[in-house]
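What follows is each chain in one-letter form.
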Amino acid sequence: MDNRESVSGSVSLMKSLIEEGTDTIFGYPGGQIMPVFDALYDYRQKLKHILVRHEQGAVHAAQGYSRASGKVGVVIVTSGPGATNTVTGIADAMIDSTPLVVISGQVVSPLLGTDAFQEVDIVGISQPVTKWSYQVRRADEIAWAVAQAFYIASSGRPGPVLLDFTKDAQVSMINHYYEKCTSIRSYVSMPKIDRANVRKAAELINSAKKPLALVGQGVEIGKAEQELISFIEKAQIPAAWTLLGASVMPFDHPLNKGMLGMHGNLAPNQKTNECDLLIAIGMRFDDRVIGDVNTYAKQAKIIHFDIDPAEIGKNVDVDIPVLGDVKKTLPAVTALLKQADHDDWIESFDIINGEEYDRVIANEIYCDREYISMGEVIRRISEKTGNEAITVTDVGQNQMMAARYSKHKNPRSFISSGGLGTMGFGLPAAIGAKIAVPDRTVCLFCGDGGIQMCIQELGTIMQSNVKVKIIILNNRYLGMVRQWQEIFFNKRYSETPMLNPDFVKIAEAYRIKGRKVSKRDDLDDAIREMLEHNGAYLLEVDVEKKGMVLPMIPPGMNVSSVILEK
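Owing to the predicted nature of the structure, the values given are computational and were not obtained by experimental measurement.

### Considerations on unusual backbone geometry
Phase 1: Each neighbour pair has its own omega, and for Leu550 with Pro551 the value is 0°, a cis peptide bond.
Phase 2: Mapped onto the elements, Pro551 comes out in the segment after β20 (537-542).
Phase 3: The phi torsion at Ala297 lies on the positive side, around 50°, for a residue other than glycine.
Phase 4: Within the fold, Ala297 resides in the loop between α13 (287-290) and β13 (301-306).
Phase 5: Accessibility expressed as a relative area gives 3% for Ala297, which makes it buried.
Phase 6: Positive phi is not limited to glycine here, since Arg511 has a value of about 60°.
Phase 7: Relative to the helices and strands, Arg511 resides in the loop between α21 (503-509) and β19 (513-517).

Below, the structure written as structure tokens:
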């Protein structure tokens, strides 16, 4: 017996979301989605709705929620501008492999194609930046479409899905019945593991003298953090991480050798071009990691663990692909590994990282210059939280500094906009992360430019009482653009100086406690006050106006061109 019941399409949507385990929705009502919000009124005990102040903020908040919890983020918005305002966040989620289901309202079916009020082809607009985009025109499609959407968004390499609901589909009556989707013909969410390649990978690793693992967010998405540790420990493989892989390994693990890429640590970047075997795990060889592809790791054999066949050989030629879920492929290879001794190779990383510490890091975190540095603020806050906080960043210098100087003990502790680099991501993403895991401290680091991209979401914090800690690193510039202008454009600071408002007063207007610090002697007390305050808090710190994120490998160059000092 299938227990069908007669309900409206909007009620069918609510019931379908609940069947998929949804507990939180981020959204903003409007004309063409009003029946759905009316239905939501009766489901408030099971579905918590967070009213954002802009639809872009809704998607970024859902991203933060998903990244912190591992669940699918859900967004509901209206048609026209409501739908188009989600596109930046959807594109961000697509490139960073974040599972979302975005639901938009649409005009009634007879008006489609007539340029009706607030009609837009959001399915056509969103198709290039979604895993699936579909228009629901009949109420009897709703349960099926939701089941498909959640399966597609969360399976394989995750990503965003958009469902566009015409208004007549929302109000029509149907016999509701829900069945979860477990497979779709022609959609292969999980590649079959090639056991021959598993053996070949193990043989290469067992024969390597200088192996190096490059670890990305795919390990975190696959919930394979412990499998990774077992893998690198058995074969004694030093490991480095990409920006979005910052919290995949505990910061103090002896095989954790730091960050890769343009602003990464010196040792793993140099050793990429010295190793005899490069083992990429859940990362996509982004251009900010590889730099000059013509000189990248030419001396090394390359093994690539990934769930997405499209990533194999896309940017870097690979000797052995190991396709599949890393939670299964890593143990399969680990079982064939021999205990190894790479002590001399591992120690060689520490020598180079010691050089970086003396020339860069010590001057940043123990700054004795007139102005406070970004790095010392981030490191002090990380330490004051016991390195247990979730770090959320905006985009720019604050982002790179947070990746370099915050420390993480636990998985899912670093949330940032990676591939798209979306300024404005940080504030709503921090809101979503805190709602997902309310018992964890969430610290947002942002610049004076990025905070103003979505500053209206302070209203969301006020209305929903979201206890995030907001740290504005105010250098009165669009800092990363200014850094490039200084290095590559002869210090011609075209449109990067910022005249800013009083951020503390703005916070107070939203009933958020705030404080501004300009002197180093006041910093520790302000951090203590922020962390002890039982509520949201905005800490504005005046930092060095022309600080630099170093090291820096210029774009398109290799590590031999690294800039270590101003």
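### Comments concerning the side chain of Thr496
Phase 1: Tracing the backbone shows Thr496 in the loop between α20 (479-488) and α21.
Phase 2: In this view, Thr496 contacts Arg476, Tyr477, Leu478, Val481, Arg482 and Gln485; residues no more than four positions away in its chain are not counted.

### Things to note about the sheet that holds strand β16 (residues 414-415)
Phase 1: Spatially, the six strands line up as an open sheet ordered β16-β15-β17-β18-β20-β19, and their pairing is parallel. In this open sheet, the two edge strands, each paired with only one partner strand, are β16 and β19.
Phase 2: Running at roughly 165° to strand β18 (residues 469-474), helix α16 (residues 374-384) makes contact with β17 (442-447), β18 and β20 of the sheet.

### Re the environment of Val517
Phase 1: Of note, Val517 is situated in strand β19.
Phase 2: Residues Val517 and Ile527 lie 10 residues apart in sequence; the distance between their C-alpha atoms is 9.8 Å.
Phase 3: Filtering out sequence-adjacent residues up to four positions away, Val517 remains in contact with Ile372, Asp522, Leu523, Ala526, Leu539, Glu540, Val541 and Asp542.

### Some details on the nonpolar core
Phase 1: Judged by nonpolar contacts, the single largest core of 94 residues is most densely connected at Ile205, Phe231, Ile232, Leu278, Ile281 and Phe285.
Phase 2: Residue contributions to this core peak at seven residues, all from helix α15 (residues 343-365).
Phase 3: When residues are assigned to domains, this core turns out to be shared by domain 2 (195-348) and domain 3 (370-543), each giving three or more.
Phase 4: The residues contacting Ile281, other than those within four sequence positions of it, are Ala213, Leu214, Val215, Gly216, Val219, Leu228, Phe231, Phe305, Val326 and Leu330.

### Digging into the domain arrangement of the protein chain
Quoted interface sizes are often the accessible area lost when the parts come together.
Phase 1: Each assigned domain of the protein chain is listed with its residue range as follows: domain 1 (5-176), domain 2 (195-348) and domain 3 (370-543).
Phase 2: Relative to domain 3, the C-alpha centre of domain 2 lies at a distance of 31 Å.
Phase 3: Listed as interface residues are 19 residues of domain 2 and, on the opposing side, 19 residues of domain 3.
Phase 4: Roughly 1,500 Å² of surface becomes buried between domain 2 and domain 3 when both sides are summed, with 63% attributable to carbon and sulfur atoms.
Phase 5: Among the residues domain 2 hides against domain 3, the three largest losses belong to Leu243, Phe251 and His263. Together they make up 39% of the total.
Phase 6: Our count for the contact surface shared by domain 2 and domain 3 stands at zero salt bridges.
Phase 7: Counting across the interface, domain 2 meets domain 3 through seven residue pairs in polar contact (both at pLDDT 80 or more).
Phase 8: A class-by-class count of the residues in the side of domain 2 that touches domain 3 yields 10 nonpolar, four polar and five charged.

### Some thoughts on the sheet that holds strand β9 (residues 211-215)
Phase 1: Spatial strand order, β11-β10-β9-β12-β13-β14: six strands in an open sheet with parallel pairing. Edge positions in the sheet fall to β11 (256-259) and β14 (320-323), since each of these pairs with one other strand and no more. Ignoring which end each strand starts from, the neighbouring axes of this sheet average 20° apart.
Phase 2: Relative to strand β12 (residues 277-281), β9 is paired through five bridges, and the arrangement is parallel. Paired with Ala213 across the two strands is Ile279, which belongs to β12.
Phase 3: Running over the sheet, helix α9 (residues 195-207) touches β12, β13 and β14 and is turned about 125° from β14.

### Re the environment of Ile229
Phase 1: You can see Ile229 is positioned in helix α11 (residues 225-235).
Phase 2: Residues Ile229 and Leu330 lie 101 residues apart in sequence; the distance between their C-alpha atoms is 9.9 Å.
Phase 3: For Ile229, the residues in contact, after removing those within four places along its chain, are Met249, Pro250 and His253.

What counts, and where the lines are drawn
- Residues numbered from 1 in each chain as written.
- Predicted model: local features only at pLDDT ≥ 70, side-chain atom pairs only at ≥ 80, totals over all residues.
- Heavy atoms only, no water.
- Helix = DSSP H or I, 4+ residues; strand = E, 2+ residues; numbered from the N terminus.
- Buried < 20%, exposed > 50% of the residue type's maximum accessible area, 1.4 Å probe, protein only.
- Contact = heavy atoms within 4.5 Å.
- Pairing = 2+ DSSP bridges.
- Axes fitted to C-alpha atoms, helices over the stretch in contact; angles between N-to-C directions.
- Core = buried A, V, L, I, M, F, W, Y, C linked by side-chain atoms within 4.5 Å.
- Domains from an automatic or database assignment.
- Buried area = accessible area lost by both parts, 1.4 Å probe.
- Salt bridge = Lys/Arg side-chain N within 4 Å of Asp/Glu carboxyl O.
- Polar contact = N/O pair within 3.5 Å; in protein donor to acceptor, adjacent residues only side chain to side chain.
- Nonpolar A, V, L, I, M, F, W, Y, C, P; charged D, E, K, R; others polar.

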